[in-house]
Amino acid sequence: MPKMKTKRGAAKRFKVTGTGKIVRHKAFSSHILTKKTTKRKRMLRKSGLVDPSNLKQIAKLIPYA
């Protein structure tokens with residue numbers, strides 16, 4: 001069986017932690033920031049974990065991560 005190819009777009013967006021969890025960056029933080037509160041913008045800077053309902057799907061996209 002040949003090696004599986006990693007989806008390069010997914011590889012740039014997701015990272016796997018040492019314990020096997022998949023980390024992502026939060027959306028809605030790039031523009032139209034004037035109407036968002038300081039607290040909301042600060043919370044968007046932090047990374048989040050991928051929801052368990054999407055975990056299997058995203059793990060397939062980055063097989064060797």
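This text follows the structure it describes.
Visitor: Let's hear about the sheet that holds strand 1 (residues 15-16): which residues, and what values?
Guide: Think of a sheet as strands paired side by side through backbone hydrogen bonds, with each pair either parallel or antiparallel. Strand order across the open sheet formed by three strands is 1-2-3, with antiparallel pairing between neighbours. Every interior strand has two partners, whereas the edge strands, strand 1 and strand 3 (48-49), have only one. Across two bridges, the pairing between strand 1 and strand 2 (residues 22-24) is antiparallel. Its bridge partner being in strand 2, Val16 is matched across the sheet by Ile22.

Visitor: Break down the nonpolar core for me, with residues and values.
Guide: Ala10, Ala11, Phe14, Ile22, Val50, Ile58 and Ile62 together form the largest nonpolar core, which totals seven residues. The contacts of Ala10, once residues within four sequence positions are left out, are Leu61 and Ile62.

Visitor: So what about a positive patch on the surface? Which residues, and what values?
Guide: On the surface, a cluster of positive charge is contributed by Arg8, Lys12, Arg13 and Lys15. If one sorts the elements of the positive patch by residue count, helix 1 (residues 8-13) sits on top with three residues. Within the fold, Arg13 resides in helix 1.

Visitor: Hey, could you go over the side chain of Lys36 for me, with residue numbers and the actual values?
Guide: In this fold, Lys36 is placed in the loop between strand 2 and helix 2 (38-45). Of the side chains bearing the opposite charge, Asp51 lies closest to the buried Lys36, which forms no salt bridge; the N-O distance is 21 Å. Side-chain polar atoms of Lys36 contact the backbone oxygen of His31, separated by 3.4 Å. Each residue touching Lys36, except ones within four places of it in the same chain, is listed here: Phe28, His31 and Lys41.

What counts, and where the lines are drawn
- Residues numbered from 1 in each chain as written.
- Predicted model: local features only at pLDDT ≥ 70, side-chain atom pairs only at ≥ 80, totals over all residues.
- Heavy atoms only, no water.
- Pairing = 2+ DSSP bridges.
- Helix = DSSP H or I, 4+ residues; strand = E, 2+ residues; numbered from the N terminus.
- Core = buried A, V, L, I, M, F, W, Y, C linked by side-chain atoms within 4.5 Å.
- Buried < 20%, exposed > 50% of the residue type's maximum accessible area, 1.4 Å probe, protein only.
- Contact = heavy atoms within 4.5 Å.
- Patch = residues over 30% accessible without salt bridge, like charges linked within 9 Å, V, L, I, M, F, W, Y side chains within 5 Å.
- Areas by Shrake-Rupley, 256 points an atom, 1.4 Å probe, with all protein chains shown as cover.
- Salt bridge = Lys/Arg side-chain N within 4 Å of Asp/Glu carboxyl O.
- Lys, Arg positive; Asp, Glu negative; His and termini not counted.
- Charge placed at Lys NZ, Arg CZ, Asp CG, Glu CD.
- Polar contact = N/O pair within 3.5 Å; in protein donor to acceptor, adjacent residues only side chain to side chain.

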